[in-house]
Amino acid sequence: MGRITTRSPVTRIVFDESGAVTRRRPDTLAVEEPLEIRVAGEPLTVTMRTPGNDIELAAGFLTGEGVIRSGRDFRSAIHCGGPGTGASPGSANGNNTYNVLDVTLAPDVAPAAVDIARNFYTTSSCGVCGTASIEAIEKQSRYDVGADDVTFPANWLAGLPDELRAGQEVFDKTGGLHAAALFDAASGELLVLREDVGRHNAVDKVIGWAVLEDRLPLTGTVLQVSGRASFELVQKAIMAGIPALSAVSAPSSLAVELAAASGLTLVGFSRGRSLNVYAGSGRVSV
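Residues numbered from 1 in each chain as written. Predicted model: local features only at pLDDT ≥ 70, side-chain atom pairs only at ≥ 80, totals over all residues. Heavy atoms only, no water.

Let us now look at helix H5 (residues 199–212). End to end, H5 covers 20 Å across 14 residues, agreeing with the expected 20 Å (1.5 Å per residue, within 8%). Asp 214 sits one or two positions beyond H5 and adopts a positive phi of about 55°. (Helix = DSSP H or I, 4+ residues; strand = E, 2+ residues; numbered from the N terminus. Expected span 1.5 Å × (residues − 1).)

And the structure:
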């Protein structure tokens, strides 16, 4: 696995009564590196991510794209070492040869469709870029999240961001990572938490964990994320059978439309003492 954090010199400027005071010191940064995901040797996507849990990331991404639907569909994955598969010595990425991951699917799984209109480049800031249209990224889930009869109290939902933040070990060192966590609504148990420079990657890692544990669909769960709730995150939740998504910031209009149409409960601005329910309010008890 590549480095999760790195050290970099920084000039810190502090203002006090006498003016500006500068100090040179090392700072800890979250690592961002590319990961090329291949399926049966064929390149599918390149994503900018924080190294770690790469196999989960690939499994979650393939679930969100509708390529796989259960743990049995995902046979194995291996990092490709050697020349041409990672950064060369002395480059910005150091000696990391873990930036290419080749996935093997079950024999009866149709290969991922790769064409010019659907080639992916995924950034840590915005997710999938360069798709031909909304229709090109909208997927049909095999799971009906609207039929999930799970309910949860509002005060429990409001406390999830604090639990998410408490588990962000790398964020404590860098201040530069998003996080996603999956909670069991019946027991309140934190099932899994993952961090990444991209919020969509953190979600893919969480869903990928569930894929590798063969736990899809994720009925009776709530996905809590840092940052905002985008269309892409709502779609990933639906594809994994997650009935509720909660975010600490705002949802987009398209995220609300998709959540309402699919029966997913969508919560935004969850800040401890208040929250907004944008869709699926029937699951939230006061």
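With that settled, the discussion passes to the pattern of salt bridges. According to the stated counting rule, one finds seven salt bridges in the structure shown. The salt bridge partner of Glu 56 is Arg 194, with a shortest N-O separation of 2.7 Å. Of this pair, Glu 56 sits in helix H1 (residues 54–64) while Arg 194 sits in strand S11 (residues 190–196); the two residues are 138 residues apart in sequence, bridging distant segments of the chain. Here the two residues Glu 56 and Arg 194 agree in accessibility, since each one is buried. In this structure, a network of salt bridges that share partners links the residues Arg 72, Asp 73 and Asp 108. (Salt bridge = Lys/Arg side-chain N within 4 Å of Asp/Glu carboxyl O. Buried < 20%, exposed > 50% of the residue type's maximum accessible area, 1.4 Å probe, protein only.)

Of the two faces of strand S13 (residues 244–247), both are covered, the one formed by Ala 244 and Ser 246 as well as the one formed by Leu 245 and Ala 247. Examined bridge by bridge, strand S12 (residues 221–225) and S13 share four bridges and lie parallel to one another. Its bridge partner being in S13, Val 222 is matched across the sheet by Ala 244. Chirality of the crossover, the property in question, places the unit of S12, helix H6 (residues 231–239) and S13 among those that are right-handed. Inspection of the sheet shows S13 paired to strand S14 (residues 265–268) by three bridges, in the parallel sense. Bridge pairing in S14 places Ala 244 opposite Thr 265. Chirality of the crossover, the property in question, places the unit of S13, helix H7 (residues 253–262) and S14 among those that are right-handed. (Pairing = 2+ DSSP bridges. Right-handed = clockwise from strand over helix to strand, strands pointing away.)

What follows covers the sheet that holds S14. Spatial strand order, S11-S10-S12-S13-S14-S15: six strands in an open sheet with mixed pairing. Each edge of the open sheet is held by one strand with a lone partner, namely S11 and strand S15 (276–279). Across the sheet, the axes of successive neighbouring strands diverge by a mean angle of 20°, strand direction being ignored. The sheet contact formed by S14 and S15 spans three bridges and is antiparallel. (Axes fitted to C-alpha atoms, helices over the stretch in contact; angles between N-to-C directions.)

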